[in-house]
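Examination of the molecular architecture
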Amino acid sequence: MKTFMIERYGDKAGVRAGEMPDPQVGVDDIMVRIHAASINPLDLKLRDGDFKAFLPYRLPLILGNDLAGVVVQVGSAVTRFALGDEVYARPDKDRIGTFAELIAVHQDDVAIKPATLTMEEAASLPLVALTSWQALVERAQVQPGQKVLIHAGSGGVGTIAVQLAKQLGAHVATTASTAKVDLVRELGADVVVDYKKQAFETVLHGYDVVLDTLGGETLEKSLKVLKPGGKVISVAGPPDPAFARELGANVILRLAMSALSFRTRRRAKRRNVTYSFLFMKASGDQLRELTPLIDAGKIRPVVDRVFLFDQTREAMEYVEKGRAKAGKVVVAMT
């Protein structure tokens, strides 16, 4: 099958097209013929080897973490799906590889594609929608009336998280550039801070939850906008000890992750708030929770541009250079 893969870490020019054997289907797996996949910052980090300490993939590695496609084979124990089903998924972290014609995915990680979406729209959603769900519903347990700040509201995660937070009944603030203010308001943001004109930490106060997608100084400043007992959940900040335990990491790696996040956790504690790092997990069940919201139009995908499969490397460069205006960049097989 045709793929886009890397053969070594850290080589930006090393993403190349190549043939790989078709995947093998286990008893609980389905084989999906991929119609579309999307580009995530995670793909760039994996290419660069940023996560190789705790995600020890064998090289060559097929990149890609989102898919929409059609079931073409089912394992002997599969009960959820049949041949011809249109599905979408974020494969488990140990079984990525959606920049390819085919993929074998465990049935528990897959859901029927929202009927109202095209394949390209559906492929843009799984990773960012699951990230939003796991941050806001699972971890923050956002309640109606709570105040939630979502950074980079026009980004891949931000566009979905803003909409989901509104569906949860939250009062939603977000940060965006001048050109994106109207978009994030349309998505449901109650308060938009134009970061080119204002410092968000000087105008936002008393928030219950912050979803940080940027890390660095933005994460540190986010602690200031939380009320006592508030939570900042970051997908871009330093890994914490809870994440190390979740991974089953060895002692050295656990100590390293603890050290990386020590300063942030200490600052949070001094303010009587909490910091946690989120590395989202695959979940067909959570996608099934999201699908009715999507089909009802309460959460809509935002697709910036669609590239052809042969242009996957160019699509990654487009994302890396920050050319995307809003939402996700998608690769279509046809």
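Above: the structure in question.
Report follows, based on the coordinates. (Residues numbered from 1 in each chain as written. Predicted model: local features only at pLDDT ≥ 70, side-chain atom pairs only at ≥ 80, totals over all residues. Heavy atoms only, no water.)

1. Comments concerning the sheet that holds strand β14 (residues 274-277)
Heads up, the rule is: We treat two strands as partners when DSSP finds at least two bridges between them. The helix and strand labels rest on DSSP assignments: H or I over at least four residues marks a helix, E over at least two residues marks a strand, and numbering proceeds from the N terminus. Only C-alpha atoms enter the line fits that serve as axes; for helices the fit covers just the stretch in contact. Angles between N-to-C directions range over 0 to 180 degrees. Note on definitions: a residue-residue contact is assigned when non-hydrogen atoms from the two residues lie within 4.5 Å.
Strand order in the open sheet made by the six strands is β11-β10-β9-β12-β13-β14, with parallel pairing throughout. Edge positions in the open sheet fall to β11 (191-194) and β14, since each of these has one partner strand only. Across the sheet, the mean angle separating the axes of adjacent strands is 15 degrees when strand polarity is ignored. In this structure, strand β9 (residues 147-150) lies alongside strand β10 (residues 171-176), joined through four bridges in parallel fashion. Each bridged residue has a counterpart across the sheet, and for Lys147 the counterpart in β10 is His171. On the sheet, helix α3 (residues 126-139) packs against β9, β12 (207-212), β13 (226-234) and β14 and is oriented at approximately 150 degrees with respect to β13.

2. A closer look at the packing of aromatic side chains
For clarity, the threshold we go by: For this analysis, a ring pair means two rings from Phe, Tyr or Trp (six-membered ring only for Trp) whose centres lie within 6.5 Å, classed as stacked if their planes differ by under 30 degrees, edge-to-face if by over 60, and tilted for the remaining angles. Per-residue accessibility, obtained with a 1.4 Å probe over protein chains only, is compared with the maximum for each type, and a residue is labelled buried under 20%, exposed over 50%, and partly exposed between these values. Put simply, a charge is over a ring when the Lys NZ or the Arg CZ is close to the ring centre, within 6 Å, and near the line of the ring normal, within 35 degrees.
All told, the structure shown has eight aromatic pairs when counted by the stated rule. Residues Phe51 and Phe54 carry aromatic rings whose centres are separated by 5.2 Å and whose planes lie at 40 degrees to one another, so their mutual orientation is tilted. On the basis of relative accessibility, which here comes to 15%, the residue Phe51 falls in the buried class. An aromatic cluster of three or more residues is present, and its members are Phe51, Phe54, Phe243, Phe277 and Phe279. The residue whose ring lies beneath Arg305 is Tyr318, and the NZ or CZ to ring-centre distance is 5.2 Å.

3. Digging into helix α9 (residues 251-270)
So the rule is basically this: Here the expected span of a helix is defined as 1.5 Å times the quantity of residues minus one. Bend is computed residue by residue as the angle between axes fitted to the seven residues ending at the residue and the seven residues starting at it. Think of a polar contact as two N or O atoms within 3.5 Å of one another; within protein, one of them needs to be a possible hydrogen donor and the other a possible acceptor, and neighboring residues in sequence only count if both atoms come from side chains.
For α9, which comprises 20 residues, the first-to-last C-alpha distance of 27 Å matches the rise-based estimate of 28 Å (1.5 Å per residue) to within 8%. Where α9 bends most, at Phe262, the angle is about 50 degrees. Taken residue by residue, α9 has Leu253, Met257, Ser261, Thr264 and Ala268 as its buried positions. Sitting at the amino-terminal end of α9 is Asn250, which places a side-chain oxygen 3.2 Å from the backbone nitrogen of Ile252. Directly beyond the C-terminal end of α9, a positive phi value near 60 degrees is found at Asn272.

4. Remarks on the environment of Ser276
Assignment of secondary structure puts Ser276 in strand β14. C-alpha separation for the pair Ser276 and Asp304, spaced 28 residues apart in sequence, amounts to 30 Å. Those residues in contact with Ser276 that sit more than four places away from it in its chain are Arg139, Val232, Ile233, Ser234 and Asp240.

5. Focus on the pairing of strand β3 (residues 29-39)
Each regular strand displays side chains that alternate between the two surfaces of the sheet. Of all eleven residues that make up β3, nine are buried, and the element is covered over most of its length. Note that β3 and strand β7 (residues 102-106) share five bridges and pair antiparallel. Within β7, the position partnered with Arg33 by the bridge is Leu102. Relative to strand β5 (residues 67-74), β3 runs antiparallel, the two being bridged by six bridges.

6. Considerations on a positive patch on the surface
Spelled out, the test is: Each patch is built from residues lacking any salt bridge and having more than 30% relative accessible area; the joining distance is 9 Å for like charges and 5 Å for nonpolar side chains (Val, Leu, Ile, Met, Phe, Trp, Tyr). The protein chains shown are the only cover counted for residues, whose accessible areas, like all others here, come from Shrake-Rupley with a 1.4 Å probe. For this document, the term salt bridge refers to a Lys or Arg side-chain nitrogen within 4 Å of an Asp or Glu carboxyl oxygen. Positive residues here are Lys and Arg, negative ones are Asp and Glu, while His and the chain termini are left out of the count. Taken as the charge centre is NZ of Lys, CZ of Arg, CG of Asp or CD of Glu, depending on the residue.
Residues Arg305, Lys321, Arg323 and Lys325 make up a contiguous surface patch of positive charge. As for its position among the elements, Arg323 is in the loop between α11 (312-320) and β16 (328-332).

7. A closer look at the pattern of salt bridges
A complete count under the given rule lists 18 salt bridges for this structure. Residue Arg267 is joined to Glu220 by a salt bridge in which the shortest nitrogen-to-oxygen separation is 2.9 Å. Within this pair, whereas Arg267 is found in helix α9, its partner Glu220 is found in helix α7 (residues 216-222), the two being separated by 47 residues in sequence. The buried category is assigned to Glu220, whose relative accessible area is 16%. Connected via shared salt-bridge partners are Arg80, Asp108, Asp285 and Arg288.

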